Structure formats: C-alpha cells, structure tokens
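Residue-level listing of the chains:
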Amino acid sequence: MSLFSKNNRRQQHGRRHTVDEQAGMGKTAGKSAGSLVSKEAKDTHKRGANRQTVATLTLHSFVSLHRQVGRDALTRLLNNPVASLLNSLLIAVAFSLPVLLFVLVSHVQVLGAAWDGQPKISIYLNHGVSQKIIDQRIADYRQDPLIKEVVYLSPEQGVNDFQQKAGLQDVISQLGFNPLPGVIELLPVSEASFAQLDDAVVHYQRMEGVDQVRLDRQWVQRLQAILTMLERFAIMLGGILGLTVVLVISNTVRLSIESRRDEIKIISMVGGTRGFIAMPFIYMGIWYGVIGAILAQVIVFSLLAVLSHEMMNIAGLYNSEMVLSGPGFGVLGVLLLAGIAFGVLGAMSSCYRHFQALVPD
C-alpha cells in the first residue's frame, strides 16, 4: 500500500471522527435547548396559574368587602329606625305619585278600549220615511267595507230608551206625538282612518231618506288628547319627584358624613382612598332608594284597593267589566332600578361635595 493511500485513509478517518464529534455536540446542545424551553414553559404556566389564583382571591375579597359594607350600611339604618323610616316614607311618596297616575291613566285607556276607541256614525232618518227605504239603507251600509256593525233604532225604541234614562215617563203622552226620528248607528272597522270616515259621512248624507249624519270623532280625539297629556304629565312629574328623591338622599348622606368626620379623617390618614371611604355612604343611598321603592309599592296597592270600588262603579256606568289592578312586574322592576340609581346619584353627589375638605388628594 502506498503512502498516498495511507494518508488518504487517515484524512477520511479524521473527517469521520470530526463529524461524529460535531453530531454529538449537536445532540447535546439540542437536549440542553429542549430542557431550557421546557423549563421556561413550566415557569410561564406556573406564573399564569399564580396570576389566576391572585385574580380569584382579589375577586373574592372584592365581593366580600362589598357584602360587608352593604350589611354594615343596612345595620346603621336599622339602628336609627325613626329617622330612617321618615326618610324612606318621603322617598316612597315621591315614587308613588307618578306610579299611581300612570296606573290610573292606563286603566282609563283600557276603559276607552272597552268603548272600542273608534268613533261611531249616527245617521238620523227623515220623519215618515218608509220601511222599504230603511231596509235599503241598512243593506247598503252592511255592504260597505268600512262598516263592521249596523244597528237600527226605531222611533219607538228611542222614546223608550229616553224615558228609562231620563225618568220622564209622561213626556211623550203629554206631547201627543213622537219627535224622535229613526236612527241607524254604524260602527266602523278599527283600520278606518278619519279621512275615510269623513268621505263616508259625505256619501251617506246624499242618500235618500237621510236627514243628518254625525261622526263623533271629536269625542274620541278629545279623549286621546287628554290621555296623551296625562301621560306626559306623569313623565314630567316622575322626573321632578326623581330629582326630589336625589336631593333627599343627598341631604341624608350629608348628615351621616358630618357625624363621621373623625372616622373619615383617620381612614384617609392611613391611606384610604376616596372610593373606599365613599363606599358605605353609597350603600346607604342604595338602601334608602330600595326601601323607598318597596314602600311606594305598598302605598300604590293600598290606594288602588281603596279606589277599586269607585272605579268599578264608573266602569259599570259605561257597561264595562274593568277590574282595577296594580302595576305589573315591569313597573315594579323599573321602580326598584330607579330607587337604586337615585340612591347612588344622591350619595355620590354628597360625597363629592364634602370630601373636598375632608379627604386630601
């Protein structure tokens, strides 16, 4: 074997040894890098679990703090029952007035719906008109798509109704004749507009045997206008009385702040923030609003129970079987939410004004 061959083999063997060493070093570095990545992943997972645990503990502490402060605020109200009851009654009266007006307006609307809320057309026939023409007019009106009901009152029926309602039994006998004409009452469909009814009145007036046609739209329009005005008045009254509730709660919280001035200053000296110091007073305002809303519901139901008999008598005069009922769950829920909102607003306004001097920035 030549020297060149031996040298060549030695070089190949050296290169193989170098490659093996490099491969071994690569495997060792890969294992080291993998262990480092695995360790970093474990540390990251551990830190995430720690943050989740801290967040859970913080939320639990937050809920416990609010529960404790709310319970303490309610206890302070119960320890001073006379003043708390008087303030709550004042808030309840302010809440109950617009609610009672709203309930009465809604019942008047129901009573109006019992009258169908739709104007009637009264057609007064000529005296001495023949029965054939009367039957023809009734048939024409029943074929009209705007009319859903036709009622004919003969002169004799009109006289009997008048004598029964007015209590004058001998008037017709003293007159010697019946002055009342025959009347055809038409009840339009609910989809009919006032413009269509006006055109129908003009058309009916031109028919044979018709003396006069009247559409009682003014009564319906007046009723709707009155109800709309009462609804708006109830909304405005609710806004004004809501402002009254805010002022009452603000003044009550102000008195509580004045009675706890030393406590507030000490808490602020040891690092208590304004939010932490204001929390008991905000819960005090919330409790006042909730208690006032509950008492308002009691007042409203009590007044409706007293007025139920009179409302049933009024409904009976208009041939309606309406029963006076209290506000629904929607109104009661809105009342509770309003009490909470007004309580928070009143307490925060009082805290903002008085903490300027008591609690430094």
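Each chain carries its own residue numbering, running from 1 in the direction its sequence is written. Only residues with pLDDT of at least 70 get local features here, since the model is predicted, and only at 80 or more are side-chain atom pairs given and counted; chain-wide, interface and lining totals rely on the full set of residues. The side-chain figures draw on all heavy atoms in the structure; neither hydrogens nor water molecules are used.

Caption draft 1: Quick look at the sheet that holds strand S1 (residues 121-125). A pair of strands is labelled paired if DSSP reports no fewer than 2 bridges between them. Put simply, DSSP marks the helices as runs of H or I at least four residues long and the strands as runs of E at least two long, and each gets a number from the N terminus on. Ordered in space as S2-S3-S1-S4, the 4 strands form an open sheet in which the pairing is antiparallel. Every interior strand has two partners, whereas the edge strands, strand S2 (147-153) and strand S4 (210-215), have only one. Between one strand and the next, the sheet's axes are offset by a mean angle of 20°, whatever the strand orientation. The sheet contact formed by S2 and strand S3 (residues 183-188) spans 6 bridges and is antiparallel. Following the sheet pairing, Ile147 is matched in S3 by Pro188. Its contacts with the sheet put helix H6 (residues 194-205) on S1, S2, S3 and S4, and the angle it makes with S4 is roughly 170°. Only the stretch in contact is used when a helix axis is fitted, and all axes are lines through C-alpha atoms; the angle between N-to-C directions ranges over 0 to 180 degrees. In what follows, residue pairs with any heavy atoms lying within 4.5 Å of each other are defined as contacts.

Caption draft 2: Region of interest: the packing of aromatic side chains. Only centres within 6.5 Å qualify two rings of Phe, Tyr or Trp (six-membered ring in Trp) as a pair; their planes then separate them into stacked at under 30 degrees, edge-to-face at over 60, and tilted for everything else. Enumeration according to the criterion identifies 2 aromatic pairs in this entry. Ring geometry for Phe95 versus Phe342: centroids 6.1 Å apart, planes at 15°, classification stacked. Taken together, the residues Phe95 in helix H2 (residues 81-114) and Phe342 in helix H10 (residues 329-358) connect sequence positions 247 residues apart. Assessed through its relative accessible area of 6%, Phe95 is described here as buried. Relative accessible area serves as the criterion here: at 22%, Phe342 is assigned to the partly exposed category. Pairing Tyr141 with Tyr204 gives two aromatic rings, centres 4.9 Å apart and planes at 65°, and the pair type is edge-to-face. Placement of Tyr141 in helix H3 (residues 131-143) and of Tyr204 in helix H6 is noted, with a sequence separation of 63 residues between them. Note on accessibility: Tyr141 and Tyr204 belong to one class, buried. Any residue under 20% of the maximum accessible area for its type is buried, any over 50% is exposed, and the rest in between are partly exposed; the area is computed with a 1.4 Å probe on protein chains only.

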